[in-house]
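One letter stands for each residue in the lines below.
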Amino acid sequence: MLFGLQGEMAPQELGRRLATVITHVGEIMQQEIRPLGAVDIIEQLHRQFAILSGGRGKDGAPIITFPEFVGFKHIPEEDFLNVMTYLTSIPSVEAASIGFVIIIDRRRDKWSTIKASLTRIAVAFPGNLQLIFILRPSRFIQRTFTDFGIKYYRDEFKMKVPIVMLNSVSDLHGYIDKSQLTEDLGGTLEYRHSRWINHRTAIENFALALKTTAQMLQTFGVCLASTELPRGVPSTEDLLMSHTKQRDKLQEELKLLGRQGITLLSCLQEPATKNSTSKLNPNELENVATMQRLLAQLDETEKAFSQFWSQHHLKLNQCLQLQHFEHSFCEVKLILDSLLAEQAELTDIGDGVMHVEQLLKEHKALEEKGQEPLEKARLLVLVGDQLIQSPHYAVDSIRPRCVELRRLCDDFSNENKKRHTMLARSLELHRQLDKVSQWCEAGIYLLASQAVDKCQSREGVDIALSDIELFLSTAEDYQLPNPRDFYNQFESIFTVDVKAKAQKTLQKLDDVQEIFHKRQMSLMKLAARQTRPVQPVAPHPESSPKWVSTKTNHLSTLAPVQKTSEELYVETNPNSLEKEDEAKFEVKNGELLGNSPDGENPVPEHLNSPESLSPSRRIIRDLLETEENYIKEIKSIIDGYITPMDFVWLKHLIPDVLQNNKDVLFGNIKELYEFHSRTFLKELENCTENPELLARCFLKRKEDLQMYFRYHQNLPRATAIWQECEDCAYFGVCQRQLDHSLPLFKYLRGPSQRLMKYQVLLKGLLDSESPEDLEKVPGNLEGDSTENGPKRNSDSAFSAELQQAFAMMEDLIKSCELAVDLAAVTGCPDTIGKLGKLLIHDSFNIWTVHKDRYKMKDFIRFKPSQRQIYLFEKGLMFCKIRMEPGAQGLSPHHSFKKSLKI
């Protein structure tokens, strides 16, 4: 019979699977960790000196509570250890690994009981402790004893975890949510100790019965394996009948055990099923999970025993494969749905080159993030195809899953390609617009630089015409677009803002080309009329050419109107350059700059009357005005010094060392401009009507303001580049074009001065702060009436925030100064960054002590060495001081000598 039925499960396979069931039951009940059961220590559990209520800490740590118990110190050590071992073994391994939170309730007790509790916990607690909360005795004397006792006996307890002393349960609620605390601790967690003991006893009895039944089936399988087949038909039938009776009896026991398990599971789930709003606590959920796992083992036992008779091994194996497939499908589908939702939110195509490049980085990050889920999905599809070809009994369930996975993968990949193509076209669009702007600015500079007095001779006119023709020939290098072709090429990706920007830029290109054409015509006419001398007139001193950025900035409404170089260029010869083209160009460039019709800047109404402002508002007004000027100053550096470096006409004025190190010279000044113009100014403007928000504004941007630290870190290197190139002609040309009275590096010191200004203004606001100064906005929030406006913050809270902001700014200034000093140290090793934050530094005299103490003459080197010492959070750095000649005479220079960890 054993050899005549192919595919029938062998008795050895049955024994193996049942042995696996027995092992899993032991693992589920954690019998290796908990050799005792609830029945073994039922009397100690009923005393209720320690309970596992089912609550959890904020990080999921199980909570063990020691309620008030009169005879706690008289509990035998063995009973205490058995109960602790049992309670700590009930939570899952994952929860227990986090560590247990212990709550000792001694509000009606004495210090002696608290001491006994802590001593026992320190000696006999078998689990991993995370935190201990102690509710102090409510009586004053015992509370005083407790405070002194904890202070003087802390070392005696040898606790390696924090002990938190609490005055009341309300203090406990600040650490643990009320929903995780029992009612006697002011919580809402329902806990009945007797029911908890009954559930634990029932679960353990069920696990024991399941283990016993599996062992009986295992014995039955061994019996079958050791039984010799009879030679005759009647004896074979008798044997089959005998085995069938035994199988029916065991099958009935399995069914009875299954009904008991389902009944027990329903009892465990009863609180949640009776009331839909109530939820099971973590302990009850773990009990339910334990019963479900035990029922699953029971089901496995039934299947194994049934396979022994009905040859269902293949089908059960396929069922396991299907479960794995379904689980993996749900995981992968959830991830792909999340990626598609994230992908659908990315619709912006950018408003500039830097913005589009940032969007491309984000797109690439999303694409890389989706590679692993896509690979898993494709592998899962291959697994599904293999199951379909096997053939599998659940083909109708697997095939739709494979189709859905393929669709999700294709959707994600196609959207990625579409998004990448759109961003690439957007990047190309903005790069072309930037090229157009650069060409126009270079052209404006060329026209402005053609002096009138040099065009009075035929030679001067020829030179001017030659320069214009040479410049117009560079249009091919810039690949200037045809407006019609440009619109046709990018029409599909135009948004309202991008289209407006393109129209302004192309209109400016048309205007510049028209001005060049008219300038050429005027110069040609001037060349033909050399018989009439032209009286040269020097330009107005204030009419020096300016470079104008093509990017419209919101500061244009705050700063005075700044004319372009072509507007300021005036031809005085009545028979030469025509003026109507210049007037036209002046108007159009005025539009590009966003000037108001009357040429004035709109000023907010609340800033027009400084006499009526409170001290705090005057300070904020000063802050806003200086902030706008600061942004304009940085903008002038970017437009007047950095951008012209790319102009072909100025390349010969720029030395190689400057061209190769322009990023070093200017550092992250563009980052400063973007932060202040796009973010910080807008937030400061919101403080105009709400002065109390100013301190929060600075505290909120604490991390962003660290860009000043990076700027000052680079400052010594920038100083070196400036000292090498400060006399180059390029800086002189740029300074004249900007009409700056000071050289560039004085303006590069602006960020340092700005930090000092912030400090002064915050200090002034702190000094002037008073209830009368801090005017609040009337209650106009939704649902508030005029009488019941929003509740104003207390003066003390506002002062505290101002103090924090002022201290933060002081720390930032100090760290920037230290960064400049540290960057100037030569020979500094790369490992110096491991010493932490630089705190302070100064010059000291150092004496060297020799290790060979027996040589008294060499014991101390009496001549000191002067060293610059830098104190970090984790060490000291010693630097040698050398006096070297410089532009200002001898100046100290520091070179690294050694470092010490502290």
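Rules and cut-offs
- Residues numbered from 1 in each chain as written.
- Predicted model: local features only at pLDDT ≥ 70, side-chain atom pairs only at ≥ 80, totals over all residues.
- Heavy atoms only, no water.
- UniProt positions renumbered as here; feature names shortened; annotations may be inferred.
- Helix = DSSP H or I, 4+ residues; strand = E, 2+ residues; numbered from the N terminus.
- Buried < 20%, exposed > 50% of the residue type's maximum accessible area, 1.4 Å probe, protein only.
- Contact = heavy atoms within 4.5 Å.
- Pairing = 2+ DSSP bridges.
- Axes fitted to C-alpha atoms, helices over the stretch in contact; angles between N-to-C directions.
- Core = buried A, V, L, I, M, F, W, Y, C linked by side-chain atoms within 4.5 Å.
- Arc of directions from axis to C-beta.
- Salt bridge = Lys/Arg side-chain N within 4 Å of Asp/Glu carboxyl O.
- Disulfide = S-S within 2.5 Å.
- Parallel < 35°, antiparallel > 145°, perpendicular 65-115°, else oblique.
- Left-handed = near helix turned anticlockwise from the far one by under 90°.
- Nonpolar A, V, L, I, M, F, W, Y, C, P; charged D, E, K, R; others polar.
- Polar contact = N/O pair within 3.5 Å; in protein donor to acceptor, adjacent residues only side chain to side chain.
- pLDDT = per-residue confidence, 0-100.
- Phe/Tyr/Trp six-rings, centres within 6.5 Å; stacked < 30°, edge-to-face > 60°.
- Lys NZ or Arg CZ within 6 Å of the ring centre and 35° of its normal.

Looking at an unreviewed UniProt entry, one finds the protein named Probable guanine nucleotide exchange factor MCF2L2 isoform X3 and attributed to Erinaceus europaeus. Taken verbatim from the UniProt record of the protein, the Sequence similarities (unreviewed entry) comment is "Belongs to the MCF2 family."

*Asks:* Would you mind showing me how to read the overall build of the protein here?
*Replies:* When helices and strands are counted, the protein shows 31 helices and eight strands. When each of the 902 residues of the protein is scored for burial, the buried share is 44%. A separation threshold of at least 6 residues defines the contact pool for the protein, and within that pool the share at least 24 residues apart is 77%.

*Asks:* In this structure, what is going on with the sheet that holds strand 4 (residues 163–166)? I would like to understand it.
*Replies:* Pairing is parallel in the open sheet, where four strands are placed in the order 1-2-3-4. Here the strands that pair on one side only, and so sit at the sheet edges, are strand 1 (63–66) and strand 4. Adjacent strand axes in the sheet meet at a mean angle of 20° when their direction is disregarded. In the packing of helix 5 (residues 111–124) onto the sheet, contacts are made with strand 1, strand 2 (100–105), strand 3 (129–135) and strand 4, and the angle to strand 3 comes to roughly 170°.

*Asks:* What is the right way to read the nonpolar core from this model?
*Replies:* What tends to happen in soluble globular proteins is that the nonpolar side chains get buried as a cluster. Core analysis: the biggest nonpolar cluster contains 97 residues, and Phe-666, Phe-698 and Phe-731 have the highest contact counts within it. The leading source of residues in this core is helix 21 (residues 615–642), at eleven residues. For Phe-731, the contacting residues outside a window of four places in its chain are Tyr-641, Leu-658, Leu-665, Trp-722, Cys-725, Glu-726 and Leu-744. Membership of the second largest hydrophobic core comes to 38 residues, among which are Phe-49, Ile-114, Val-161 and Ile-197.

*Asks:* Just checking my understanding: could you explain helix 27 (residues 729–738) for this structure?
*Replies:* Note: α-helices contain 3.6 residues per turn, so residues at a spacing of three or four share the same orientation. All of the buried residues in helix 27 are Tyr-730, Phe-731, Val-733, Cys-734, Gln-737 and Leu-738. The buried side chains of helix 27 occupy one side of the element, clustering within an arc of 160° when seen end-on. Close packing links the buried residues of helix 27 with helix 14 (395–449), helix 21, helix 22 (656–660), helix 23 (662–666), helix 26 (707–725) and helix 28 (744–748). Just past helix 27, the residue Asp-739 takes up positive phi, approximately 60°.

*Asks:* Help me understand the environment of Ala-502, please; the structure alone is not making it clear to me.
*Replies:* Along the chain, Ala-502 falls in helix 18 (residues 496–528). For Ala-502, a relative accessible area of 0% corresponds to the buried category. Note: C-alpha distance between Ala-502 and Leu-433 (69 residues apart in sequence) is 6.9 Å. Those residues in contact with Ala-502 that sit more than four places away from it in its chain are Leu-433, Phe-486, Tyr-487 and Phe-494.

*Asks:* Would you explain the pairing of strand 6 (residues 865–872) in this entry?
*Replies:* Across a regular strand the side chains alternate sides, sitting on one face of the sheet and then on the other. Counting buried residues in strand 6 gives six out of eight residues, a clear majority hidden from the surface. Of the pairings in the sheet, the one linking strand 5 (residues 838–846) to strand 6 comprises eight bridges and is antiparallel in character. Paired with His-841 across the strands is Tyr-870, a residue of strand 6.

*Asks:* Sorry if this is basic, but what is going on with the pattern of salt bridges here?
*Replies:* Between side chains of opposite charge, a pair can form as their charged atoms come close. This model, assessed by the stated rule, comprises 27 salt bridges. As a salt-bridge pair, Arg-107 and Asp-105 come within 2.9 Å of each other at their nearest N and O atoms. For Arg-107, a relative accessible area of 23% translates into the label partly exposed. Between Arg-617 and Glu-689 there is a salt bridge, with its nearest N and O atoms 3.7 Å apart. One end of the pair, Arg-617, is in helix 21; the other, Glu-689, is in the loop between helix 24 (669–685) and helix 25 (694–700), and 72 residues separate them in sequence. The exposure class assigned to Glu-689 is partly exposed, which follows from its relative accessible area of 36%. The structure contains a network of salt bridges with shared partners spanning Glu-683, Lys-700, Arg-701 and Asp-704.

*Asks:* Help me understand the state of the cysteines in this model?
*Replies:* Think of a disulfide as a covalent bridge from one cysteine sulfur atom to another cysteine sulfur atom. Within the structure shown, the criterion is met by zero disulfides. Looking at Cys-734, it has no disulfide partner, and the nearest cysteine sulfur is the one in Cys-728, 8.2 Å off.

*Asks:* What am I meant to see in the packing of helix 21 against helix 27 here?
*Replies:* A pair of packed helices is captured by two measures, namely the crossing angle of their axes and the spacing between those axes. With their axes 9 Å apart at the nearest point, helix 21 and helix 27 run at an angle of 130° to one another. With respect to helix 27, the axis of helix 21 lies oblique. Judged by the sense of rotation from one axis to the other, the crossing of helix 21 with helix 27 is right-handed. Counting all contacts with helix 21, which are made through Ser-636, Gly-640 and Tyr-641, the residues of helix 27 involved are Tyr-730, Phe-731, Cys-734, Gln-735 and Leu-738.

*Asks:* How do you make sense of the packing of helix 13 (residues 353–389) against helix 14 when you look at a structure like this?
*Replies:* Where helix 13 meets helix 14, the closest approach of the two axes is 9 Å, and the angle between their N-to-C directions is 160°. Viewed along their axes, helix 13 and helix 14 adopt a mutual orientation that is roughly antiparallel. Considering how the two elements wind past one another, helix 13 and helix 14 form a crossing that is left-handed. Across the contact of helix 13 with helix 14, the residue classes break down as 19 nonpolar, eight polar and nine charged.

*Asks:* Quick question: what am I supposed to make of unusual backbone geometry here?
*Replies:* Trans peptide bonds make up the majority, and among non-glycine residues the majority have a negative phi. Of note in the backbone geometry, Gln-48 takes a positive phi value of approximately 60° without being a glycine. Relative to the helices and strands, Gln-48 is located in the loop between helix 2 (42–47) and strand 1. Of note, the phi angle at Asp-739 is positive, near 60°, even though the residue is not glycine. Relative to the assigned elements, Asp-739 resides in the loop between helix 27 and helix 28.

*Asks:* Just to check I follow, could you spell out the side chain of Glu-627 for this structure?
*Replies:* Here Glu-627 is to be found in helix 21. Side-chain polar atoms of Glu-627 contact the side chain of Tyr-758, separated by 2.6 Å. When neighbours within four sequence positions are excluded, Glu-627 is seen to be in contact with His-676, Phe-680, Leu-681, Leu-684, Arg-754 and Tyr-758.

*Asks:* What is the right way to look at the environment of Lys-834 in this model?
*Replies:* Residue position: Lys-834 is located in the loop between helix 30 (795–823) and strand 5. Residue Lys-834 is classed as exposed on the basis of its relative accessible area of 64%. Taking C-alpha positions, Lys-834 is 9.5 Å from Glu-873, a pair spaced 39 residues apart along the chain.

*Asks:* Help me understand the environment of Ile-638 in this model?
*Replies:* Structurally, Ile-638 is set in helix 21. Judged by relative accessible area, Ile-638 falls into the buried class, the value being 10%. Remark: the alpha-carbon pair of Ile-638 and Ile-669, spanning 31 residues in sequence, is separated by 8.1 Å. Sequence-distant contacts of Ile-638, defined by excluding residues within four places in its chain, comprise Thr-643, Pro-644, Ile-669, Lys-670 and Tyr-673.

*Asks:* What should I look at first to understand the confidence of the model for the protein in this one?
*Replies:* Any residue range with low pLDDT should be treated as having predicted coordinates unsuitable for detailed reading. When the pLDDT values of the protein are averaged, the result is 76; 77% of them are 70 or greater. For the stretch residues 1–8, pLDDT sits under 50, and the model shows nine contacts to residues farther than four places along the chain or on other chains. When the criterion is pLDDT under 50, residues 536–608 qualifies, and its contacts beyond four places in sequence or with other chains add up to 130 contacts.

*Asks:* I tried to follow the packing of aromatic side chains on my own but got confused; where do I start?
*Replies:* Given two aromatic rings, one states the distance between the centres and the angle between the planes to describe the pair. Tallied over the full model, the rule gives 17 aromatic pairs. Ring geometry for Phe-133 against Tyr-175: centres 5.1 Å apart, planes inclined by 55°, an arrangement best described as tilted. On the criterion of sequence distance, the pair formed by Phe-133 in strand 3 and Tyr-175 in the loop between helix 7 (169–173) and helix 8 (193–226) is long-range, its members being 42 residues apart. Here Phe-133 falls in the buried class, since its relative accessible area comes to 3%. A relative accessible area of 39% places Tyr-175 in the partly exposed class. Between the aromatic rings of Tyr-730 and Phe-731, the centroid separation amounts to 5.9 Å while the plane-to-plane angle is 55°, which identifies the pairing as tilted. Counting every residue linked through ring pairs, the aromatic cluster contains Tyr-641, Trp-722, Tyr-730, Phe-731 and Phe-745. Above the face of the Phe-80 ring, Arg-120 is positioned so that its terminal group lies 5.7 Å from the ring centre. Directly above the ring of Phe-806 sits Lys-763, whose terminal nitrogen or CZ lies 5.6 Å from the centroid.

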